[in-house]
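Architecture and fold: a report
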Amino acid sequence: MSLYYLTAHELHDLLLKKEISAVEVNEAVFNRIESVEDGVKAYLTLTRDQAMRTAQSVDDMINAGRPIPPLAGIPVAIKDNICTEGVRTTAASKIIYNFIPPYDATVVKKLAGQHIAMTGKTNLDEFAMGSSTENSGFFATHNPWNRDCVPGGSSGGSAAAVAAGEAICAIGSDTGGSIRQPAAFCGVVGIKPTYGAVSRYGLIAFASSLDQIGPFTRDVTDCALMLNAICGHDPLDATSSTYEVQDFRRCLVNDIKGLKIGVPREYMSEGIDAEVRQVIEKTMSLLEMNGARIEETSLPHLGYSLPVYYLIAPAEASSNLARYDGVRYGFRSEGAQDVVDMFMKTRSQGFGAEVKRRIMLGTYVLSAGYYDAYYLKALKVRTLIKEDFNKAFEKFDILLSPTTPSPAFRFGEKTGDPLKMYLSDVFTIAVNLAGIPGLSIPCGFVNGLPVGLQLMGRPFSEGKLLQAAYTFEQNTDHHKKHPEL
Amino acid sequence: MIKKSDVEHVALLARLELADIEKEIYTKQLNDILGHFESLQQLETTDVEPMAHVLSLFNVFREDKVDRHLSSESVLANCPDRDEDCFKVPKIV
């Protein structure tokens, strides 16, 4: 097996046994990047020198007999909407194409404290607005399983990098499914933690009440290791939770006997592909065989989550993106008559079509005369959706659904119709509205493309999701398959 | 029903300068999107509290004292135009 397809915990064991060095691991991954990146295009920026320096320092620690943290020397990719000191951070937007952050995001700082080797910054839909990475202001990323298909989005570059062996783990962000949907499309594990579990400090804001950072990994054990590294209170993020963080490795137990799993019927009926349904049903049988008790349930307001999301998220985005005015950083249009003209020209030339569309939509629903009918209404229905989840969790430990109604789609298939693109998030967005954790794990294939299983839990029940996912993984081998590139 | 003049008004509020073709496209698309969302209006929500946030957080305070912060130089390093320690912009009035 090639080093670039091993997991972080496998590599860690080999490092401790001194069978390989961290420099060799990073060389293997960067050689892999060199040979496949032209066909995948996962990265916007590579940081090879920085990674090799970290790898060397980890090898020095090992050789000096000093203990190393579980992720030390592991090549990890970071989504390019997360600030990295001294390394260009663009959110895949032309409006900040040249922005070099003067500080690290808290997650980046935490990972650096674990001595991870940052491979580079990954592609995304501009400002994380999109479901296919086709909205990147620079270029599209390809799905490693079928390069005619999208990798999903918005964290498409992070998912594709892990699937293609161009990184061992990656960091993404999830506002309406931007970790789970690409994880499903690319056949890797992805989790959106509970809102507030991971600091958002240094994450370029899209919709602040929904945004959350989380990891992409090849298996559930690595997912637990990454969560251990990034969760925890941060005084720099006022919405950061003070909830006590557990060691998620303790949840890696192959046992789901008596686990009560609910399957909301709304998730299994609306426009789901027949083949995806078959894969999910097979998955449910396997969970039942392992002792889980599965029952149908209902989230009556789930059908409203798409409109609620596409009113709230653009409203918050229109406010968050007001800061891109050409004054303090990024692109500025030349030859403006006065300062307002400069704002207008800079924003019009700097933002892409989808970002402008969402700013327009958000500004409209917040504007005088429409606020009550759209924005306030959406906030009220958000309460109803959250209450549906609360009720379901009185009876069930976990809720289960497909992560997406169908596997990865082809380039251009949905770009002409924004509504059609928005509908590809239909199964993931309610989790963000409710602020609960959601995990996607590979559970099969349809026509050579991976299918994802979504597990949802109560706030701060990441451990339970990990245990269920770990048990599933121990009894299947989907996570051992890799694309041919 | 959103009209082209509404799109022009919203674009001004959002500080976006739209080409004529963009105004046409956004008028149609905003109508399509909001039309699709009309289903929300069927729900009775008079007595439902709006949720801006999932956390039961109120104001988060810290002590009012100078803490670690970025230097002016590192903050100004990214700006398109500057005059010593100031951001420089075209004329305002």
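Residues numbered from 1 in each chain as written. Chains lettered and ligands numbered in written order. Predicted model: local features only at pLDDT ≥ 70, side-chain atom pairs only at ≥ 80, totals over all residues.

Moving on, we get to the overall build of chain A. Helix and strand content of chain A: 16 helices and 11 strands. On C-alpha atoms alone, chain A measures out to a radius of gyration of 21 Å, which is about the 23 Å that the 2.2 N^0.38 rule sets for 485 residues. Along the three orthogonal principal directions, the C-alpha set of chain A runs to about 65 × 50 × 45 Å. The buried share of chain A, reckoned over its 485 residues, is 62%. In chain A, once contacts between residues fewer than 6 apart in sequence are set aside, the share between residues at least 24 apart is 77%. (Helix = DSSP H or I, 4+ residues; strand = E, 2+ residues; numbered from the N terminus. Rg over C-alpha atoms; globule rule 2.2 N^0.38 Å. Buried ≥ 20, exposed ≤ 12 C-beta atoms within 10 Å, placed from the backbone. Contact = placed C-beta atoms within 7 Å.)

Residues and elements named next belong to chain A. Pairing is mixed across the open sheet formed by 11 strands, whose spatial order is β1-β3-β2-β4-β6-β5-β10-β11-β9-β7-β8. Unpaired on one side and paired on the other, β1 (43-46) and β8 (293-297) mark the two borders of the sheet. In this sheet, neighbouring strand axes are inclined to one another by 30° on average, regardless of whether the strands run parallel or antiparallel. In the sheet, strand β9 (residues 398-402) pairs with strand β11 (residues 449-457) via five bridges, with the strands oriented antiparallel. Residue pairing for β11: Ile-398 is matched across the bridge by Gly-457. (Pairing = 2+ DSSP bridges. Axes fitted to C-alpha atoms, helices over the stretch in contact; angles between N-to-C directions.)

Helical geometry note: an α-helix holds 3.6 residues per turn, so side chains three or four residues apart project in the same direction. Residue and element names in this part refer to chain A. Taking 1.5 Å per residue as the helical rise, helix α9 (residues 274-289) with its 16 residues ought to reach 22 Å, and the 23 Å between its terminal C-alpha atoms agrees with that figure. Among the residues of α9, those classed as buried are Val-276, Val-279, Ile-280, Thr-283 and Leu-287. Around the axis of α9, the buried residues are gathered within 95° of arc, so they sit on the same side. Residues of α9 that are exposed and point more than 90 degrees away from the buried face comprise Ala-274, Glu-281, Ser-285 and Met-289. Immediately downstream of α9, the backbone of Gly-291 shows phi near 105°, a positive value. (Expected span 1.5 Å × (residues − 1). Arc of directions from axis to C-beta.)

The next subject is the nonpolar core. All names here are of chain A. Formed by 174 residues in total, the largest nonpolar core has its most connected members in Ile-74, Val-76, Cys-169, Leu-311, Leu-466 and Ala-469. At nine residues, helix α10 (residues 305-320) tops the list of elements feeding residues into this core. Those residues in contact with Val-76, other than ones at most four positions away along the chain, are Leu-111, Ile-116, Ala-117, Met-118, Thr-119, Ala-167, Ile-168, Cys-169, Ala-170 and Ile-171. (Core = buried A, V, L, I, M, F, W, Y, C linked by C-beta atoms within 7 Å.)

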